[in-house]
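Overview (structure and organization)
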Amino acid sequence: MGNIASALTFQSEEGALVEELKAGSEEAFAWLIERYHQSIYSLLARTVQDRGDAADLAQEVFVKVFRGIGGFHGESSLRTWIYRIALREASNQRRWWLRHKQQEVPMDQPVGDCGDGTPVLLRDTLVDPCDSPYEHAAQEEQRVRVERALEQVPEPYRTTLILRDVEGFIYEEVAEMQGVNLGTVKSRLVRGRAILRRLLEAPQPSQQPVAVAG
Amino acid sequence: MNGCREIRDSITEYLDGRLTGRAMQEIAAHLNGCRECALECRLMEDTQRSLASLGPVPEPPDMLLRIRVAVSHEMARSHRSRWAGLGLVWKNTLGPFLLQASAGFASAVLLLGTVVFLVTMFTQPVAVEASKDEPLGKASAPRLLYLSSPAVGDQINASATPVVVEAYVNGAGQVYDYRIISGPTDADTRSEVENMLLFSVFEPARFFGQPVRGLAVLSFAGVAVRG
């Protein structure tokens, strides 16, 4: 009973938020951006071919949320709807990338610079600059290893793994976001986890690893 | 559910808690007794845990600001376009007819106002005074205005029944003849009745507003006041 009550309360609160968003309330949009900017950016960063595009895509996602909120009628939760927009943007970006930039991407490819001319490598973007290497060396190394392996898992398994195991969505939400049925979600998870496990068990290459667009 | 193959196919759902309680128990029981499947499950669990520990990807420091600016620009653009859209609708629909519609509306208001003004100014009904109303063609009977004589006489007072009298009234409102039609007709009573009629003042009968002779019926009764 408590869960039903909390679910109903949540739905009525979300309904009030949606109404404010439809009315163009700046406060409501500010709250929405604050709530979802990090998770949307993370999702995009892990699902697009070029992580440098994630920031632009994140902007575009929220602009599309603003444009499309008038057509949102509560068929799904607001969060699911926003993630669907993000996944669609990521998918479009990957298609564009495959058409125009299909090539091998070395992990040492520069993706920017530090401002003083020193190039920032792709492998460096996987490292959380806030953690001290002396205190979290082992954990950091493991995290980098998992990130690299995840980048090599082909789509659509990678997105399914991210939504389920990284973001923590339930099967039904993952199915709704990806526009597939529950059985497909299950099979993608089985396959995706198996691929990721093989990648993690493989010996670390000493040569330049290659991330294949897939 | 038996066989390692079926168990391993279900490990993903087992780890995600997607199976029924009975199925979960069966798998747990199998894992307790099968080393290979237990290892498979543990490796899969480690993979899941590795993913769950990743956390969010660090975003650029100005990411939040960039998103807010982008949405603000979109808001401003949509407000301008909304007003522009309304202006376009106005221009294409009501705008061309605005002058004619305004002129027509003003004319209608002016005409209606003039009509109402004229009606109220020249057609106010005159208040009717019913007391002075003299219906045309109707004759009115004589009407006793007042008795200027003293109180009713002793004979009439003593009578058990009222004395009903026909009084013939002339155009000047004076009684010129009478007849007792009910009650005592003795000499004393007749004397009292004559006395009262002599000093009575009548409104004469009228015919087309002109005073004429008429007939009035009067009833005299004694009034006894008991103290």
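Residues numbered from 1 in each chain as written. Chains lettered and ligands numbered in written order. Predicted model: local features only at pLDDT ≥ 70, side-chain atom pairs only at ≥ 80, totals over all residues.

A closer look at the sheet that holds strand S6 (residues 205-207) of chain B
Residue and element names in this part refer to chain B. Pairing is antiparallel in the open sheet, where 3 strands are placed in the order S1-S6-S7. The open sheet is flanked by strand S1 (139-140) and strand S7 (210-212), the only strands paired with a single partner. Across 3 bridges, the pairing between S6 and S7 is antiparallel. Bridge assignment links alanine 205 to a residue of S7, and that residue is valine 212. (Pairing = 2+ DSSP bridges. Helix = DSSP H or I, 4+ residues; strand = E, 2+ residues; numbered from the N terminus.)

Some points on the interface of chain A and chain B
If you look at the interface, chain A gives 33 residues, while chain B gives 25 residues. For the side of chain A that touches chain B, the secondary structure elements donating two or more residues are helix H2 (26-47), helix H3 (54-68), helix H6 (137-152), helix H7 (157-166) and helix H9 (182-201) of chain A. For the side of chain A that touches chain B, the element with the highest residue contribution is H2(A), accounting for 9 residues. Classifying every residue of the side of chain A that touches chain B gives 18 nonpolar, 6 polar and 9 charged. (Contact = placed C-beta atoms within 7 Å. Nonpolar A, V, L, I, M, F, W, Y, C, P; charged D, E, K, R; others polar.)

A short note on the pairing of strand S4 (residues 175-182) of chain B
Residue and element names in this part refer to chain B. Two elements, strand S3 (residues 163-169) and S4, share 6 bridges in a ladder whose sense is antiparallel. Looking at S4, one finds that alanine 167 is bridged to tyrosine 178. Counting the residues between successive antiparallel strands, the hairpin from S3 to S4 contains 5 residues, one of them, glycine 173, with a positive phi of roughly 85°.

Description of the sheet that holds S4(B)
All names here are of chain B. The strand order S4-S3-S8 describes an open sheet built from 3 strands, whose pairing is antiparallel. The strands lining the two open edges of the sheet, one partner per strand, are S4 and strand S8 (214-220). Averaged over all adjacent pairs, the angle separating strand axes in this sheet is 25°, with direction ignored. Contacting S3, S4 and S8, helix H7 (residues 187-198) runs over the sheet at an angle of about 140° to S4. (Axes fitted to C-alpha atoms, helices over the stretch in contact; angles between N-to-C directions.)

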